[in-house]
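# A closer look at the structure
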Amino acid sequence: FRFDLMGYHSVATMKALRAALDSLTVSKDGVDGKAIYLYGEGWNMGEIANNALFTTATQGQLDGTGIGTFNDRLRDAVHGGGPFDEDHRTYQGFGTGQYTDPNGLSDRSDADELANLQHNTDLVKLGLAGNLKSYSFTQSDGTVKKGSEIDYNGAGAGYASSPEETINYVDAHDNETLYDLGIYKLPTSTSMADRIRMNTLSLATVALGQSPSFWAAGTEMLRSKSLDRDSYNSGDWFNAIDWSGQTNGYAKGLPMASANSSKWEIMKPLLENGALKPAASDIATADTQAETLLRLRKSTPLFSLGTAALIQSKVSFPDSGTNSTPGVIDMLIDDTAANADGSVTDVDKKLDGVLVVFNASNKATTQTISSIKGRDFAL
């Protein structure tokens, strides 16, 4: 049950709706209301921003309700920059080659670019751990911080008290598609195989995290809207999805003026570049890789532990700290780890743990994790 612009409503309204849904029963209403997930856009905006009229249903103000809000922290860290940047190309992120595969258009120094990548990497790690305000881990600068202490544009990055209160995503119906952002941000010379790899890598930060995983329709098929920034009124020409997988929608022409005309001169050479348009075989490869991510998520309950306490005890990032490899995240979900009281909760009877390595750099990597030396892992 989804709300657009949920932040225009009050927390009291959302709680009342949650209670109304919970009251529905299979015997009486034909539906289990408690099984219905309630979520929406928890942006702090408009004339009711900052609780001007009432306590709004925005990020961080729905603690304990189990109601979800979209997590722009992970989104922006994966993309680089934000959705309203004048020139998307100047800000790369964890999933678009920042520092490790620069496109040459940033005006920041190498040191500043590395520092920003490290911060973006910390935000991705927090998102993988449910974007919890209480989750603590070692930052890229060597300090240990809770999610609420990590900066996101002047606010605390972590704002949820339980993982279902944030929804991880890297593209949605608004703004450019994930593939189109890669067109802007990855070096123009990036091979199609690597564009597919980075599309999958970006989706993996969502699919293999502890919060609900949200994918926009067609993102697994490299969906493009020809760089359209806001396609709500662009018609089928730009919005259609070719479910046969023969085309992805790229280079249908310059998108409508509306929110795009200021970027037309940037768009033209990109849309005219035939190397940026995937073939049917490329779309099929991306689709297969994306489906593999879904199989991985479904294969074990360790990717959805469900509580802040279990996430704190079982999810760790062994590579964290000043010696971490730029563009790489090691995530261990250890089912043998003890809880705060010393007990052990066996979440998956078949596995003792899961190790995930995200390599967003443009080079192969070898990671040495001394804390799990001697344990056996199967690919």
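Here goes a summary of the coordinates provided. (Residues numbered from 1 in each chain as written. Predicted model: local features only at pLDDT ≥ 70, side-chain atom pairs only at ≥ 80, totals over all residues. Heavy atoms only, no water.)

### Observations regarding the nonpolar core
Which entries qualify depends on this criterion: Only buried residues count toward a nonpolar core, which is a set of Ala, Val, Leu, Ile, Met, Phe, Trp, Tyr and Cys residues joined through side-chain atoms within 4.5 Å. Buried residues are those whose accessible area, probed at 1.4 Å on protein chains only, stays under 20% of the maximum for their type, while exposed residues exceed 50% and partly exposed ones sit between those limits. Counting from the N terminus, the helices are the DSSP runs of H or I reaching at least four residues and the strands are the DSSP runs of E reaching at least two. We call two residues in contact whenever any of their non-hydrogen atoms come within 4.5 Å of each other.
Membership of the largest hydrophobic core comes to 44 residues, with the highest contact counts inside it found for Tyr135, Val315, Phe317, Met331 and Phe358. Among the elements of the structure, helix 3 (72-79), helix 4 (110-128), helix 6 (192-207), helix 9 (280-299), helix 10 (308-314), strand 10 (328-334) and strand 11 (353-359) are those that each provide at least two residues to this core. Tallying contributions element by element places helix 6 first for this core, with 6 residues. Excluding residues that lie within four positions of it along the chain, methionine 331 makes contacts with Leu128, Leu208, Phe303, Val315, Ser316, Phe317, Pro318, Val354, Leu355, Val356 and Phe358. Ile183, Tyr184, Met267 and Leu276 belong to the second-largest nonpolar core, a separate cluster that totals 14 residues.

### Digging into the packing of aromatic side chains
Any pair of aromatic rings gets described here by the distance separating the centres and the angle formed by the planes. The criterion, for reference: Two rings from Phe, Tyr or Trp (for Trp, the six-membered ring) form a pair when their centres sit within 6.5 Å of each other. Planes less than 30 degrees apart are called stacked, planes more than 60 degrees apart edge-to-face, and all others tilted.
For the structure on display, the rule yields 10 aromatic pairs. Aromatic side chains phenylalanine 1 and phenylalanine 3 sit 5.9 Å apart centroid to centroid with 35° between the ring planes, which places their arrangement in the tilted category. Here tyrosine 135 and phenylalanine 317 contribute two aromatic rings whose centre-to-centre distance is 6.5 Å and whose plane-to-plane angle is 90°, an arrangement assigned as edge-to-face. Taken together, the positions of tyrosine 135 in the loop between helix 4 and strand 4 (136-138) and phenylalanine 317 in the loop between strand 9 (315-316) and strand 10 put the pair 182 residues apart, joining distant regions of the chain. Judged by its relative accessible area of 2%, tyrosine 135 falls in the buried class. Here the aromatic cluster, defined as three or more aromatic residues joined through ring pairs, consists of Tyr37, Tyr39, Phe70, Tyr169 and Phe214.

### Topic: the sheet that holds strand 1 (residues 2-3)
As a reminder, the rule being used: Being paired, for any two strands, means DSSP has found at least two bridges between them. Here the axes come from fitting lines to C-alpha atoms, over the contacting stretch only for helices, and the angles between their N-to-C directions go from 0 to 180 degrees.
What the 4 strands build is an open sheet, ordered 1-2-3-8; its pairing is parallel. With partners counted over all chains shown, the strands left at the sheet margins are strand 1 and strand 8 (166-168), one partner each. Here strand 3 (residues 68-71) runs beside strand 8; their pairing, made up of 3 bridges, is parallel. Bridge assignment links phenylalanine 70 to a residue of strand 8, and that residue is isoleucine 167. Where helix 3 meets the sheet, its contacts fall on strand 3 and strand 8, and the angle it forms with strand 3 comes to roughly 15°.

### Remarks on helix 5 (residues 178-185)
When you tally the buried positions in helix 5, you get 8 out of 8 residues, the bulk of the element. For helix 5, the full list of buried residues reads Leu178, Tyr179, Asp180, Leu181, Gly182, Ile183, Tyr184 and Lys185. Contacts from the buried residues of helix 5 go to helix 3, helix 6 and helix 8 (264-271).

### A closer look at the packing of helix 6 against helix 9
Rule in force here: For this classification, under 35 degrees means roughly parallel, over 145 means roughly antiparallel, 65 to 115 means roughly perpendicular, and everything else is oblique. In this scheme the handedness of a crossing depends on how the near helix is turned from the far one: anticlockwise by less than a right angle means left-handed, clockwise means right-handed. Asp, Glu, Lys and Arg are counted as charged, while Ala, Val, Leu, Ile, Met, Phe, Trp, Tyr, Cys and Pro are counted as nonpolar; the rest, among them Gly, fall into the polar class.
Packing of helix 6 against helix 9 leaves a shortest axis separation of 10 Å and a crossing angle of 20°. In this view, helix 6 runs roughly parallel relative to helix 9, as classed from their interaxial angle. Here helix 6 and helix 9 pass one another in a crossing that is right-handed. Residues Met192, Ile196, Arg197, Thr200, Leu203, Ala204, Val206 and Ala207 of helix 6 pack against Asp282, Thr285, Ala286, Gln289, Ala290, Leu293 and Arg297 of helix 9. Looking at the contact of helix 6 with helix 9, its residues break down into 9 nonpolar, 3 polar and 3 charged.

Any link to function would need more than the numbers given here.
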